[in-house]
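Structural description and commentary
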Amino acid sequence: MFAALPLLLAFLLGAAPVLAADSWSLDDRAGHRLSAQVFEQPFPEYPSGQRIRLSVLDARTTLDHSADLVLGDSTGQEWSLPNRSEEMVPRDGSSVPSGSAQFDLDALMPRPSEALPLRLEVPSTRGVLSFNLSPEQVMELHAMGSATPAEPPA
């Protein structure tokens, strides 16, 4: 029963991600907390590719679904990841959840160095929230460039 719990949670939260990474907890030391999950886009009606979904863990923050996610390293290099929040809901006009946003990780090219600090600048209705990634999270983003997507079920 406990083995099926992660699959049930993924189903309840939306699509069951393929190539799922461990969920990350992000804290900006100003009280804003997010969780992040990396996965392969599972829906055939949207372009394939890797996504990062951010979800707020506090009730006072609403994410901006019109702005890109910006990542930057300590050398000044920046990446702008297109907002793909519309992929989280059916194309029937449903509104995107205000507490979650989704971004296209395939735009993270070239992949950031695993040796440099990396920060995420998350668009929100409270302005841009800035989160520093841990060395393990940076290494995971760097390694994604060599990951191959899982084959779709036959």
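By convention here, each chain's residues receive numbers from 1 onward along its written sequence. In keeping with the predicted nature of the model, local features appear solely for residues at pLDDT of at least 70, side-chain atom pairs appear and are counted solely at 80 or more, and the whole-chain, interface and lining totals rest on all residues. The side-chain numbers reported here are obtained from all heavy atoms of the structure, hydrogens and water having been left aside.

Relative to the assigned elements, Ala36 resides in strand E2 (residues 33-40). With 16 residues separating them in the primary sequence, Ala36 and Ile52 have C-alpha atoms 6.6 Å apart. Where helices and strands are cited, they refer to DSSP runs of H or I of at least four residues and of E of at least two residues respectively, numbered from the N terminus.

Further remarks concern helix H2 (residues 135-143). Inspection of H2 places Gln137, Val138 and Leu141 among the buried residues, and these make up the whole buried set. Each buried residue of H2 lies within a common arc of 100° when the element is viewed along its axis, so the set occupies one face. The exposed set on the far side of H2, more than 90 degrees from its buried face, consists of Pro135 and Glu136. Three labels apply to residues, based on accessible area from a 1.4 Å probe with only protein chains included: buried if under 20% of the type maximum, exposed if over 50%, partly exposed otherwise in between. The arc in question is the one traced by the directions running from the helix axis out to the C-beta atoms.

Burial of strand E3 (residues 50-56) is extensive: 7 of the 7 residues sit out of reach of the surface. Burial along E3 is two-sided: the face carrying Gln50, Ile52, Leu54 and Val56 and the face carrying Arg51, Arg53 and Ser55 are both buried. Across 5 bridges, E3 lies against strand E6 (residues 100-104) in antiparallel orientation. Residue pairing for E6: Leu54 is matched across the bridge by Ala101. A pair of strands is labelled paired if DSSP reports no fewer than 2 bridges between them.

What follows is about the environment of Asp104. Structurally, the position occupied by Asp104 is in strand E6. By relative accessible area, Asp104 is classed as buried at 11%. Considering only alpha carbons, one finds Asp104 and Val38, 66 residues apart in sequence, at a separation of 9.9 Å. Non-local contacts of Asp104, meaning those with residues more than four positions away in its chain, are made with Gln50, Arg51, Leu81, Pro82 and Arg84. Note on contacts: a residue pair qualifies if any of its non-hydrogen atoms lie within 4.5 Å across the two residues.

Turning to the confidence of the model for the protein, a few remarks are in order. Every residue carries a pLDDT, the predictor's confidence in it, which falls somewhere between 0 and 100. The share of residues in the protein with pLDDT of 70 or more is 79%, and the mean pLDDT across the chain is 80. Long-range and interchain partners of residues 147-154, a stretch whose pLDDT sits below 50, account for 6 contacts in this model, where long-range means more than four residues apart.

As a further point, take the nonpolar core. By convention a nonpolar core is built from buried Ala, Val, Leu, Ile, Met, Phe, Trp, Tyr and Cys residues, the set being connected through side-chain atoms within 4.5 Å. Judged by nonpolar contacts, the single largest core of 26 residues is most densely connected at Ile52, Leu54, Leu69, Leu71, Leu120, Val122 and Leu141. Look past the residues within four positions of Leu120 in its chain and what remains in contact with it is Leu26, Leu54, Leu69, Val70, Leu71, Leu129, Ser130, Phe131 and Leu133.

On to the sheet that holds strand E5 (residues 78-81), then. What the 4 strands build is an open sheet, ordered E5-E4-E7-E8; its pairing is antiparallel. Looking at strand neighbours, the two that pair on one side only are E5 and strand E8 (127-132), the edges of this open sheet. Direction aside, the axes of adjacent strands within the sheet are offset by 20° on average. Angular values range over 0 to 180 degrees, each being the angle between N-to-C directions of two axes fitted as lines to C-alpha atoms, with helices fitted over their stretch in contact.

Bringing the pattern of salt bridges into the picture now. By definition, a salt bridge exists where a carboxyl oxygen of Asp or Glu is found within 4 Å of a side-chain nitrogen of Lys or Arg. Per the counting criterion, the structure on display carries 6 salt bridges. In this structure, the salt-bridge partner of Asp104 is Arg51, at a minimum N-O distance of 3.5 Å. One end of the pair, Asp104, is in strand E6; the other, Arg51, is in strand E3, and 53 residues separate them in sequence. Judged on exposure class, the residue Asp104 and its partner Arg51 are both buried. Between Arg60 and Asp58 there is a salt bridge, with its nearest N and O atoms 3.9 Å apart. Take Arg60: its relative accessible area is 43%, and that puts it in the partly exposed class.

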